[in-house]
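The chain contents come next:
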Amino acid sequence: MYVFKHAADLKAYLDNARTAGKSIGFVPTMGALHEGHLQLVTTALEHTDLVVCSIFVNPTQFNDPKDFEKYPITVEADTAKLTDAGCHVLFLPSVAEMYPEGLAGGPHYDFGYLETLLEGAHRPGHFQGVGRIVHKLLQLVMPDQLFMGQKDFQQCMIVKRLLEITGLPAQLVICPTKREADGLAMSSRNVRLSPTERAGATLIYKVLSYITEHHAEADYAPLIAEATRRLEAGGFVPDYVAIADAETLQPIFHPTSGKQVALVAAKLGDVRLIDNMVY
Ligand code: AMP
């Protein structure tokens, strides 16, 4: 696996590969890699000739400075995992490499109402930061296909919109959420849970399953209230429990014919977890 720290070197390498007719798959991450990330790499290897993974803890998408400071960094272990997975290229830029213009300011992306609800409402500026870094990475890597996880459901919708806004030609491939044996969605933040918190964290999965099992009920308000009550009883502080149209993310309160998604964001101790289930 080639490791590049500088954008110019990565670009030169990828330009050559493209000229040689290779299709490029891209998996952007913030590192502390787990099986969920590696599944994206494996899927990218099945779809494209040359797979690039980036590891960059993007400061502009953290609305909470403590969350940024505590974000786990495990570059050596990550490099070994990517090598074992068969990834071809790892891009490991510094903050100065990605933001030579500085962190302040930057473009504004019109994500419309998508940015005003759920994660957008609870993490002001988060999706602008996601848009800014994904745009930069896409301009650099120019992938044929971009692989992202359903775990970050709203982020996938934002990136889809970003592709429309920028006209960049990458095709977005959304991969299913990889879970631990007890149902907890794999996340880099899970390592920050204490053993007791880790044992209780599966409640998010149970609550999402509870919602999907009761989706035929006429009124979703009591369902959401009960899901919230269960999370609180399990020691969580929920940011939101929501049921939405899976195509538009508009909240819904009654059964519909189309696909729905149940979404939860909740804090356990000082770790904020998100998960969702489409049905
Ligand atoms: P992150 O490193 O958390 O920014 O995630 C990088 C990519 O991996 C994003 O596209 C995430 O949606 C995806 N991802 C994170 N956790 C999982 C998971 N448990 N299953 C599938 N994809 C995931």
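Whatever comes next refers back to the structure up there.
What you are looking at is a predicted structure, and each value in this text was computed from that prediction instead of being measured.

A. Representation of helix 11 (residues 220-233) within the structure. Between its first and last C-alpha, helix 11 extends 20 Å over 14 residues, near the 20 Å set by a 1.5 Å rise per residue. For helix 11, the complete set of buried residues consists of Tyr-220, Leu-223, Ile-224, Ala-227 and Leu-231. Around the axis of helix 11, the buried residues are gathered within 95° of arc, so they sit on the same side. In the core, the buried residues of helix 11 are packed alongside helix 10 (203-213), strand 7 (237-245) and strand 8 (260-268). One side-chain oxygen at the N-terminal end of helix 11 lies 3.0 Å from the backbone nitrogen of Ala-221; it belongs to Asp-219. Once helix 11 ends, the next one or two residues include Gly-235, with phi positive near 90°.

B. Summary view of the packing of aromatic side chains. Counting across every chain of the model gives 7 aromatic pairs. Relative to Phe-68, the ring of Phe-62 lies with its centre 5.2 Å away and its plane at 55°, an arrangement referred to as tilted. Ring centres of Tyr-109 and Phe-111 lie 5.8 Å apart, and the angle between their planes is 20°; on these two criteria the pair is classed as stacked. A single burial state applies to Tyr-109 and to Phe-111, both of which are buried. Ring pairing ties together the aromatic residues Tyr-2, Phe-4 and Tyr-13, which thus form one cluster. The aromatic ring of Tyr-210 is capped on one face by Arg-230, whose charged end is 3.9 Å from the ring centroid.

Criteria and thresholds
- Residues numbered from 1 in each chain as written.
- Predicted model: local features only at pLDDT ≥ 70, side-chain atom pairs only at ≥ 80, totals over all residues.
- Heavy atoms only, no water.
- Helix = DSSP H or I, 4+ residues; strand = E, 2+ residues; numbered from the N terminus.
- Expected span 1.5 Å × (residues − 1).
- Buried < 20%, exposed > 50% of the residue type's maximum accessible area, 1.4 Å probe, protein only.
- Arc of directions from axis to C-beta.
- Contact = heavy atoms within 4.5 Å.
- Polar contact = N/O pair within 3.5 Å; in protein donor to acceptor, adjacent residues only side chain to side chain.
- Phe/Tyr/Trp six-rings, centres within 6.5 Å; stacked < 30°, edge-to-face > 60°.
- Lys NZ or Arg CZ within 6 Å of the ring centre and 35° of its normal.

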